[in-house]
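Residue strings, one per chain:
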Amino acid sequence: MLIGLRDALDFAETRNCGIAAVNTPTLELLLAAIKVAERHDVPLIVQHAQVHETVNAIEDIGPVMVELARRSSAPLVVHIDHGETVEYIERGFAVGFNSAMFDGSRLPYDENVELTRQVVEIAGRHGFGVEGELGIMPGREHGPGASGVADETLYTRPADVAAFVQATGVTALACSFGTVHGLYKADPKIDYELIGELRRAGGVPIVMHGGSGLSCAEYRASIERGVRKINYYTYADKAGMDAAKKLLAEHPETHVFCELAVAATKATEENLDALARCLYA
């Protein structure tokens, strides 16, 4: 069933947990994420990032995401992730998405505020929640090209957060505090004190991007300080790829893609199941 972003975040507040927000540009990832949500009977966010348009266009994968979410017994949000233009977010809403993130983090502050506010106004006509972003995180959602190392000079500044939230009216705020998109090339060093300062400054739930590759203890420590939505993609997708490679190595006679897809879906599901056990504990 479909629920709103605010509903999912309210659940996280009540349960003191994190909501898994899984990028699902392929059917294998989408099916695995929904199965895990149903198994644990918890809210989960399935999302499509603009950078994944080269994998599947939002007009193609989006209606599938929406329909499977509606059919599911689990409470699901269908979310536009890292929308970089107002037009792209409107495309997502047109095919049935009920939540969005506008990423103006690399724009000048005033432009970020103005465009985020526009998205909040558009979403508000439908009763949808909006996630904004302040601070810059290395890497991209598709994994390749990430530095794998956080840059403290790009962290979100608590002094900016209160004014940004007030000016835009966002439901949640993605911040930079030590995680990175893609694969880690060094152990993550999360600034937990900063997370708490950001939550207190803005008064809205904090979103962790680059949530792949962390330990259960790191997730729980971040949740305790105010993180409520945790974006996850690279390591789940990598689990699927590793399973497909293993199948080919062990069974080189494999000659159809569907066998690889089945193996990848199973491995992805196992990876996401482990994540759920950490976040919803």
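1. Observations concerning the sheet that holds strand β3 (residues 76-83)
Logical step 1: Strands sit in the order β1-β2-β3-β4-β5-β6-β7-β8 around a closed barrel of eight strands; the barrel is parallel. The average angle at which neighbouring strand axes cross in this sheet is 25°, direction not considered.
Logical step 2: When strand β7 (residues 206-208) meets strand β8 (residues 227-232), the two strands line up parallel, connected through three bridges. Bridge pairing links Ile206 to Val227 in β8.

2. Some words on a nonpolar patch on the surface
Logical step 1: A surface patch of nonpolar side chains, amounting to about 200 Å² of accessible area, comprises Leu27, Leu31 and Val64.
Logical step 2: As for its placement among the helices and strands, Val64 is situated in helix α3 (residues 58-71).
Logical step 3: Accessibility expressed as a relative area gives 32% for Val64, which makes it partly exposed.

3. Digging into the packing of helix α5 (residues 109-124) against helix α6 (residues 158-168)
Logical step 1: It is the contact of α5 with α6, at a shortest axis distance of 8 Å, that shows an interaxial angle of 35°. Considering only the axes of α5 and α6, their crossing is right-handed. Of the residues in α6, those in contact with Tyr109, Asn112, Val113, Thr116, Arg117 and Val120 of α5 are Asp160, Ala163, Phe164, Ala167 and Thr168.
Logical step 2: Among the residues making up the contact of α5 with α6, the classes are represented as six nonpolar, three polar and two charged.

About the criteria used
Sequence order as written defines residue numbering, which begins from 1 separately in each chain. Where totals are concerned, whole chains, interfaces and linings use all residues; where local detail is concerned, this predicted model gives features only for residues with pLDDT of at least 70, and gives and counts side-chain atom pairs only at 80 or more. Heavy atoms from the whole structure form the basis of all side-chain values; hydrogens and water molecules are not counted. Only strands that DSSP links by at least two bridges are regarded as paired with each other. Helical segments are the DSSP runs of H or I of at least four residues, strand segments are the runs of E of at least two, and each set is numbered from the N terminus. In this description, a line fitted to the C-alpha atoms serves as the axis of each element, helices being fitted only across the stretch in contact, and the angle between N-to-C directions of two axes falls anywhere from 0 to 180 degrees. To count toward a patch, a residue needs a relative accessible area above 30% and no salt bridge. Like charges then connect within 9 Å, nonpolar side chains (Val, Leu, Ile, Met, Phe, Trp, Tyr) within 5 Å. Per-residue accessibility takes into account occlusion by the displayed protein chains alone, with areas from the Shrake-Rupley method and a 1.4 Å probe. Salt bridge, as used here: a side-chain nitrogen of Lys or Arg that lies within 4 Å of a carboxyl oxygen of Asp or Glu. Relative accessibility thresholds used throughout: buried, under 20% of the residue-type maximum; exposed, over 50%; partly exposed, between the two (1.4 Å probe, protein chains only). For a crossing to be left-handed, the near helix must be turned anticlockwise from the far one by less than a right angle; the clockwise case is right-handed. The contact rule is simple, with two residues in contact once any of their heavy atoms fall within 4.5 Å. Ten residues, namely Ala, Val, Leu, Ile, Met, Phe, Trp, Tyr, Cys and Pro, are considered nonpolar, four, namely Asp, Glu, Lys and Arg, are considered charged, and the remaining ones, Gly among them, are considered polar.

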